[in-house]
Amino acid sequence: MIVRSLQEAEKTSRRIVSPDNNWESTRLLLKEDEMGFSFHITTIYAGADFRMHYQNHLESVYCMSGEGEVETLDDGKKYPITPGTVYILDKHDQHILRAVTEMKMACVFNPPLSGKEVHNAEGAYELDGDTLTGNKD
Ligand code: 9YT
């Protein structure tokens with residue numbers, strides 16, 4: 001069994017702050033744990049408004065606190081996000097995430113992140129952390 005604490009993980013390189021300063025994320029479970037998925041607690045900063053397109057990953061995002069919206073770019077639909085909302089990117093959907101207030105999210109990625117990924121120009125992560133931040137686990 002693996003037991004970790006968010007408070008402890010936040011003090012390590014498991015915590016990543018996005019270069020554009022839109023979010024930070026602490027990766028509690030990573031590829032090296034061999035679970036087949038990764039699990040992250042992500043904070044989207046108030047006022048953040050950014051595009052993502054996870055071409056190589058499936059992601060589920062559950063809102064624990066805060067308010068915002070997610071927009072799917074293919075059809076322009078906007079979905080409000082409040083505590084209890086989950087959005088599931090089952091089709092590698094291009095999307096925009098907007099935070100009205102700071103939002104705390106629990107995120108699962110399949111395949112799992114290695115922990116070194118940053119968004120590329122498409123708002124995607126390369127597989128196996130091919131785009132490196134220089135952070136070490
Ligand atoms: C909600 C979302 O996709 N945020 C981007 C960060 C991601 N959850 C991560 O890399 O931990």
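To be clear, the structure that these remarks concern was listed above.
What counts as what
- Residues numbered from 1 in each chain as written.
- Predicted model: local features only at pLDDT ≥ 70, side-chain atom pairs only at ≥ 80, totals over all residues.
- Heavy atoms only, no water.
- Near = heavy atom within 4 Å.
- Polar contact = N/O pair within 3.5 Å; in protein donor to acceptor, adjacent residues only side chain to side chain.
- Areas by Shrake-Rupley, 256 points an atom, 1.4 Å probe, with all protein chains shown as cover.
- Helix = DSSP H or I, 4+ residues; strand = E, 2+ residues; numbered from the N terminus.
- Nonpolar A, V, L, I, M, F, W, Y, C, P; charged D, E, K, R; others polar.
- Salt bridge = Lys/Arg side-chain N within 4 Å of Asp/Glu carboxyl O.
- Buried < 20%, exposed > 50% of the residue type's maximum accessible area, 1.4 Å probe, protein only.
- Core = buried A, V, L, I, M, F, W, Y, C linked by side-chain atoms within 4.5 Å.
- Contact = heavy atoms within 4.5 Å.

Draft legend 1. The arrangement of the site of the ligand in detail. By nearness alone, 14 residues border the ligand, and S25, R27, H40, E59 and Y125 come closest of all. The separation between an oxygen atom of the ligand and a polar side-chain atom of R27 is 2.7 Å. Protein contacts shield 100% of the accessible area of the ligand, which totals 310 Å² for the unbound molecule. It is strand β2 (residues 23-29) that provides the largest number of residues to the shell around the ligand, a total of three residues. Residue composition of the shell around the ligand, by class: nine nonpolar, three polar and two charged.

Draft legend 2. Highlighting the pattern of salt bridges. Taken as a whole and judged by the stated rule, the model has eight salt bridges. Put simply, R15 and E24 hold a salt bridge, and the shortest N to O gap is 3.0 Å. Judged by relative accessible area, R15 falls into the partly exposed class, the value being 34%. Overall, the relative accessible area of 15% leaves E24 in the buried class. For E69, the salt bridge identified is with R98, shortest N-O distance 2.6 Å. On the criterion of sequence distance, the pair formed by E69 in strand β6 (residues 68-72) and R98 in strand β9 (residues 95-99) is long-range, its members being 29 residues apart.

Draft legend 3. Region of the structure containing the nonpolar core. Ranked by internal contacts, the top residues of the largest apolar core, which has 21 residues, are I44, F50, I81, Y87, L97, M103 and M105. Among the secondary structure elements, those contributing two or more residues to this core are β4 (49-52), β5 (58-65), β8 (86-89), β9 and β10 (103-110). Among the elements that make up this core, the one with the highest residue count is β10 (four residues). Not counting chain neighbours up to four residues away, the residues in contact with I44 comprise N22, W23, F50, L97, A99, T101, E102, M103 and M105.

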